[in-house]
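Structural characterization, general
Okay, here's what each chain looks like letter by letter:
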Amino acid sequence: MANVEEFKSKMTCYVWACWIFAAFGGLMFGYDIGISGGVTGMDDFLKKFFHGVYERKLRAHEDNYCKYDDQLLQLFTSSLYMAALVASFFASKLCSVFGRRKTIFTASLFFITGAILCASAPVKWVLILGRILFGIGVGCGNEAVPLFLSEVAPVQHRGAVNILFQLFVTIGILIANMINYGTSFIHPHGWRISLGLAGVPGIILFLGSLYITDTPPSLIHRGHVESGLAALKKIRGVENVDVEFAQIAAGCEEAKKTTMKWKKVLGKSGIPALVVGNSIQIFQQFTGINAIMFYAPVLFQTLGFKSDASLASSLIIGAVNVCSTFVSIYLVDKVGRKKLLLQACVQMLISQVIIGVLLVTQLGSTGGLARGTATIVVLFVCTFVMSFAWSWGPMGWLIPTEIYPIETRPAGFAIAVSTNMIFTFVIAQAFLSMLCHMKAYIFFFFSAWIIVMGLFALFLLPETKGVPVEEIEEQIWKTHPVWKFFLQDE
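Residues numbered from 1 in each chain as written. Predicted model: local features only at pLDDT ≥ 70, side-chain atom pairs only at ≥ 80, totals over all residues. Heavy atoms only, no water.

**Brief notes about the packing of helix α21 (residues 409-438) against helix α22 (residues 442-459)**
- In contact at an axis separation of 9 Å, α21 and α22 are set at 125° when each is read in the N-to-C sense. For the element pair α21 / α22, the angle class is oblique. Packed against α21, whose contacting residues are Ile427, Phe431, Met434, Leu435 and Met438, the element α22 presents Ile442, Phe445 and Phe446 at the interface.
- For the contact of α21 with α22, a count of residues per class yields 8 nonpolar, no polar and no charged. (Axes fitted to C-alpha atoms, helices over the stretch in contact; angles between N-to-C directions. Helix = DSSP H or I, 4+ residues; strand = E, 2+ residues; numbered from the N terminus. Parallel < 35°, antiparallel > 145°, perpendicular 65-115°, else oblique. Contact = heavy atoms within 4.5 Å. Nonpolar A, V, L, I, M, F, W, Y, C, P; charged D, E, K, R; others polar.)

Next up, the structure:
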């Protein structure tokens, strides 16, 4: 078992470029999350594609919580995530057979094509088709990019490097909010600009995928041993990589003995990683974060903010999201994953409960909130987003990339990504209807889930800080007080 201190590396311009270019896959994902809610709140967009929603919005007596309840409008947002769900399994095969870099390249092509279709859509079905192509790009990118970042990062900085994906997700959301705010004043085609600009991060990712190397574990596992060694030297910036190379090679050699990868992922010894990886993805969605980020402008209009003010409020939330992710980058490899998750559960629970109490007592079916109350709601939405951004947001993508052995990593992570997409779809498709029927009590629904995930993190989540991914099974699963029983026969 190699000591982490024996792994030699230094920070070079090339490795930084690899990290940044790959992380643009996260920016694509984040831009879509941010752009959807802003566009669905624009009158020009609603008049063209969802005229019934536009008519309901204009009625002053319409129920505050129900004026945006429309299944087709929700399908505009959620169709992307069903496409991403299906694509993530094909992306797993692409990652295994062709490598991480080519899968990232494929993601960029789908995203660029989707942006062109959405921006130019003359009718609703073209708009939805563009969203589906976006979704295929997201499915491929969300599978390949976190794996790429984890596999090229030095083990002592793996957490921080992997969180670049989530950082770029938050930057994408912020940029989308800024663009939505600007294009809301451009009539009647501001929404086309918002959707079309999604192609920009796709183009950057496309160019970056031509520049970056594939990861050493991927190259070695596919039989390109010399290329893998050369890639390892290049990304580490040193010639002496013998210890790390030997460990990667040993892991890949062991992986080749596993011919039925899916059977191992779904078998008894795979249960710990399967449960932890997928539970984190489910919990990430049931914090309520994507409900807030998807529909922040719509949510604030529900609270009584004018259209421009609601976009400005979501812009503030986007900025808080970005800044707070830097906290995670700084702390994740110092205090570990588990402490960040547990602290955030407390802060998110307090924020959600206060928001729920204020809305239950202050916001009726008609009218709006008093200015002071509305300000307090925005403040606690910000504290909620802040805690999510340094915990369940980045850890949802980091931990599943760390907990599978090399032979089952693409397959295991594909299941985690697909789980994320399933529950992202469920929340995106159901949130406005849930808001209509549950009204402000929806925040207590998410609060209950936060309690559940806190208990899960406390008792069932292992700490992976500083453990080489090739040693996760030996050092983590076989020593955990609960999960070790699933590996006793090995």
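**Focus on the nonpolar core**
- Phe29, Phe45, Leu149, Val276, Trp392, Met421 and Trp477 are the most contacted members of the largest nonpolar core, which has 135 residues in total.
- With 14 residues, helix α1 (residues 13-39) is the largest single contributor of residues to this core.
- Once residues lying within four places of it in the same chain are set aside, the contact partners of Phe29 are Tyr81, Val138, Asn142, Phe165, Val169, Trp397 and Met421. (Core = buried A, V, L, I, M, F, W, Y, C linked by side-chain atoms within 4.5 Å. Buried < 20%, exposed > 50% of the residue type's maximum accessible area, 1.4 Å probe, protein only.)

**Some points on the pattern of salt bridges**
- Summed over the entire model, instances satisfying the criterion amount to 11 salt bridges.
- Between Arg131 and Asp32 there is a salt bridge, and its shortest N-O distance comes to 2.4 Å. Taken together, the positions of Arg131 in helix α6 (residues 124-152) and Asp32 in helix α1 put the pair 99 residues apart, joining distant regions of the chain.
- Residue classification places Arg131 among the buried residues on the basis of a relative accessible area of 0%.
- Classification of Asp32 as buried rests on a relative accessible area of 2%.
- For the salt bridge of Arg337 with Glu402, the shortest nitrogen-to-oxygen distance reads 2.5 Å. One end of the pair, Arg337, is in helix α18 (residues 337-362); the other, Glu402, is in helix α20 (residues 392-402), and 65 residues separate them in sequence. Both residues of the pair, Arg337 and Glu402, belong to the buried class.
- Taken together, the shared-partner salt bridges in this structure form one network comprising Arg158, Asp333, Arg337 and Glu402. (Salt bridge = Lys/Arg side-chain N within 4 Å of Asp/Glu carboxyl O.)

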